[in-house]
Amino acid sequence: MDSPFIALTDLHGIGPSGAARLLVEVGDITRFPNRAHFASWNGTAPVDASSGEQVRHRLSRAGNRQINRVLHIMATVQLRNPTEGRAYFDRRVVPFRHADRLDRRC
């Protein structure tokens, strides 16, 4: 039981209380067949909000809110520090933000 706790606390943004919350609420992770089921359970999976040809997604208000809060805090901490999470964000989001600003100027 110690090894999952140590692995969780090694992640940036997960402290002892967040790791304990994850271990208690999630329990056996193998009960989820894949990532999508886990994301749906904790409320991080996007919900389809499309209408006609307009394709949109919104945040889910369902799911385990306590786990969702722990994951949100972890993501926020990772974005504020030079971590792998920040590097991923910079690769995926920042180029689109810059392109959007260029389109608005023209």
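Small disclaimer: the values here were computed from a predicted structure and weren't measured.

So, the environment of isoleucine 14
Move 1: Structurally, isoleucine 14 is set in the loop between α1 (2-9) and α2 (16-26).
Move 2: Separated by 63 residues in the primary sequence, isoleucine 14 and valine 77 have C-alpha atoms spaced 8.8 Å apart.
Move 3: The contact partners of isoleucine 14, leaving out residues within four places of it in the chain, are Leu8, Thr9, Ala19, Leu22, Val70 and Met74.

Topic: the layout of surface pockets
Move 1: In this structure, the largest pocket spans a volume of roughly 570 Å³.
Move 2: Residue lining of the largest pocket: 19 residues in total, with Leu22, Phe38, Thr44, Leu71 and Met74 positioned closest to the centre.
Move 3: At the level of elements, α1, α2 and α4 (65-80) are the ones that each hand at least two residues to the lining of the largest pocket.
Move 4: Considering only residue class, the lining of the largest pocket consists of 12 nonpolar, 6 polar and 1 charged.
Move 5: In this structure, the second largest pocket encloses a volume near 210 Å³.
Move 6: Taken together, Ala75, Gln78, Leu79, Gly85, Tyr88, Phe89, Arg92 and Val93 make up the full set of residues lining the second largest pocket.
Move 7: Contributions of two or more residues to the lining of the second largest pocket are made by α4 and α5 (84-92).
Move 8: The biggest single contributor to the lining of the second largest pocket is α5, with 4 residues.

Section: the pattern of salt bridges
Move 1: On inspection of all chains with the given rule, the structure shows 2 salt bridges.
Move 2: Where arginine 21 meets glutamate 25, a salt bridge forms, and the shortest distance between an N and an O atom there is 3.3 Å. Of this pair, arginine 21 and glutamate 25 are both found in helix α2, 4 residues apart, which corresponds to roughly one turn of the helix.
Move 3: Judged by relative accessible area, which is 34%, arginine 21 ranks as partly exposed.

Scoring rules and cut-offs
Residues numbered from 1 in each chain as written. Predicted model: local features only at pLDDT ≥ 70, side-chain atom pairs only at ≥ 80, totals over all residues. Heavy atoms only, no water. Helix = DSSP H or I, 4+ residues; strand = E, 2+ residues; numbered from the N terminus. Contact = heavy atoms within 4.5 Å. 1 Å grid on protein atoms, 1.4 Å probe; cavity = no way out; pocket = protein on both sides within 12 Å on 5 of 7 lines; lining within 4 Å. Points joined across faces, edges and corners; volume = space filled by probe spheres on them. Nonpolar A, V, L, I, M, F, W, Y, C, P; charged D, E, K, R; others polar. Salt bridge = Lys/Arg side-chain N within 4 Å of Asp/Glu carboxyl O. Buried < 20%, exposed > 50% of the residue type's maximum accessible area, 1.4 Å probe, protein only.

Note that all results are geometric; they support no functional claim without further evidence.
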